[in-house]
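Examination of the molecular architecture
Spelled out, the chains give:
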Amino acid sequence: MRTRVFLAALSVLALPAEIAAQSGKPPLGLFENELDIGANPQAGSATFDSATGEYKVTGGGANIWAATDAFHFVWKRLTGDFTLTADVRFLGAGAVAHRKAVLMVRQDLTAGSAYADVALHGDGLTSLQFRPAMGAQTEELRLQMNAPARIRIERRGNSFTASAARAGERLTSGAQQEASLPGGVYVGLGVCSHDASVLETAIFSNVQLEQPRASMPHHRSKITIFDLPTRSTRVIYQADQIIEAPNWSRDGKFLLVNTEGKLYRLPLEGEPKLEQIDLGPGGYHCNNDHDLSRDGRLLAFSASSPTSSPSQVYMAKSDGSGVQLMTPAAPSYFHGWSPDSKWLAFVGQRGGKFELYRVPSAGGAEQRLTSKGAYDDGPEYSPDGKWIYFNSDRSAGWDIWRMPADGAGPGDAKAERVTSDEWEDWFPHFSPDGKQLLLFSFPHGTTTHNDRMDGVALRLMPAPGKNLSPAAPEILLRFFGGQGTINVNSWSPDSRQFAFVAYEPLR
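Definitions and cut-offs
Residues numbered from 1 in each chain as written. Predicted model: local features only at pLDDT ≥ 70, side-chain atom pairs only at ≥ 80, totals over all residues. Heavy atoms only, no water. Pairing = 2+ DSSP bridges. Helix = DSSP H or I, 4+ residues; strand = E, 2+ residues; numbered from the N terminus. Axes fitted to C-alpha atoms, helices over the stretch in contact; angles between N-to-C directions. Phe/Tyr/Trp six-rings, centres within 6.5 Å; stacked < 30°, edge-to-face > 60°. Buried < 20%, exposed > 50% of the residue type's maximum accessible area, 1.4 Å probe, protein only. Lys NZ or Arg CZ within 6 Å of the ring centre and 35° of its normal. Core = buried A, V, L, I, M, F, W, Y, C linked by side-chain atoms within 4.5 Å. Contact = heavy atoms within 4.5 Å.

One open sheet holds the 7 strands; their spatial order is 2-7-16-9-10-11-12, and the pairing between them is antiparallel. Looking at the sheet topology across the chains shown, the edges are occupied by strand 2 (33–37) and strand 12 (139–142). For this sheet, the mean inter-axis angle between neighbouring strands, taken without regard to orientation, is 25 degrees. Note: strand 2 against strand 7 (residues 71–78), 5 bridges, orientation antiparallel. Note on strand 7: the bridge partner recorded for Glu-34 is Val-74.

Time to look at the packing of aromatic side chains. Per the stated rule, a full pass over the model turns up 20 aromatic pairs. Judged by centre distance (5.4 Å) and plane angle (75 degrees), the ring pair of Phe-31 and Tyr-55 falls under edge-to-face. Taken as a pair, Phe-31 in the loop between helix 1 (17–23) and strand 2 and Tyr-55 in strand 4 (residues 54–59) lie far apart in primary sequence, 24 residues in all. Each of the two residues, Phe-31 as well as Tyr-55, counts as buried. Of the aromatic side chains, those joined through ring pairs into one cluster are Phe-226, Phe-479, Trp-491, Phe-498 and Phe-500. Directly above the ring of Trp-343 sits Arg-358, whose terminal nitrogen or CZ lies 3.7 Å from the centroid. The ring of Trp-401 has Arg-394 sitting right over it, with the charged end atom 5.5 Å from the ring centre.

So, on to the nonpolar core. By size, the foremost hydrophobic cluster in this structure holds 40 residues, and its most contacted members are Phe-31, Leu-84, Leu-103, Val-105 and Phe-204. Of all the elements, strand 8 (residues 82–90) adds the most residues to this core, at 5 residues. Not counting the four nearest positions on each side in its chain, Leu-103 is found in contact with Leu-84, Thr-85, Ala-86, Ala-116, Asp-117, Val-118, Ile-151, Arg-152, Ile-153, Gly-188, Leu-189 and Phe-204. Counting residues in each nonpolar core, the second largest holds 20 residues, with Phe-226, Leu-458, Ile-486 and Phe-498 among its members.

As structure tokens, this is what we get:
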């Protein structure tokens, strides 16, 4: 069992105003959205009374149990540790004794998702329920207290604790269970009628959704522009949160960045403030793989969603409207547009290996481009459209490779190694004029790009020609950076500048 750590310093989560604007629904207090999960012949609903702070949740569904669930869920997506607490009471006598009101955390929003919850039944039974894996059978640990007035579910790492209290008394720990719910999760309030032909309602009041400060970002993000002619840098925006992966707009007017699962524009003139891009009601949680097409008309991005916890690739108009799913298979991570905007290059994990693929922007099946490397990543087209450059560990370390735009061929025979020195190279990025190739390099021996550390480097080399020749990339600067620094192309349209994110540890 993992030792539970309780932290005194807590910060209450507030609802971002943009959530309500995206969904087109009235605010749901601390939560982002609501939906029926599983088979619900009678549609559920939820309302929030800002005057009383009460959530009224009505749900149907046959059960929250066994291998699948059916209930109504009010949720917020978050990462890290949390505590969710509420006073709970049912309305009316109820049709079935085992109707349930739950405080829940789910891996995703499918009916068979892995989850943990504290469930108050209509007859007063209270338990810590958990499904350890997708489609597995639900298990439970029953609390000794019957019909509590207040319940709590608490996450610390992989440990989940259910607590309960009678009216006016202090919460006491009732049950604890280890369960792995990696990455982002969905946390919220749920109601199940236990009889799919009827609806039941519960009132959740004095609701608190809290995260320890230790779960919050530990870095200051500094969005920085490097000027190539003068070899100088300037910070244009900074904030005590994780901001990632700037793209320069094709008209040169703004940077496109992501933070906390959303995409934003950062204007390069006037007041430096983040302006959210509305992607509609799809519930997309964007990661740091996104970019505009070369003609500036289309936007590609990678994101998880309520229907897929693993990342998928999407395409939209440049303003964020008209989102289309491009890669049903997951996980998939976008990295580069072809110059004619007809192809999206991405990395996908298939059969346990990360390999490179492309998919037509007009729609169609994905096409595999590599097959030999254990881990290929970061595909980007050369400006003339003839090559795709990428990073791979196929040579025992991380180096830059290239292949023809239509793929590396059988056995990856057409793949060519571009760099071969002591640095671990990731994410090659061409200047728009095709003359320079920017590399993001980690110290020798760094096995992934997922951390943030001191000593990473941005290196520059002349763009390779038809025939490769040995090159010694120039180190432009070393700094504290890593995941999110420069995952996607960030050159200015005139090829004189590029943007990146430097990070500063806050403690």
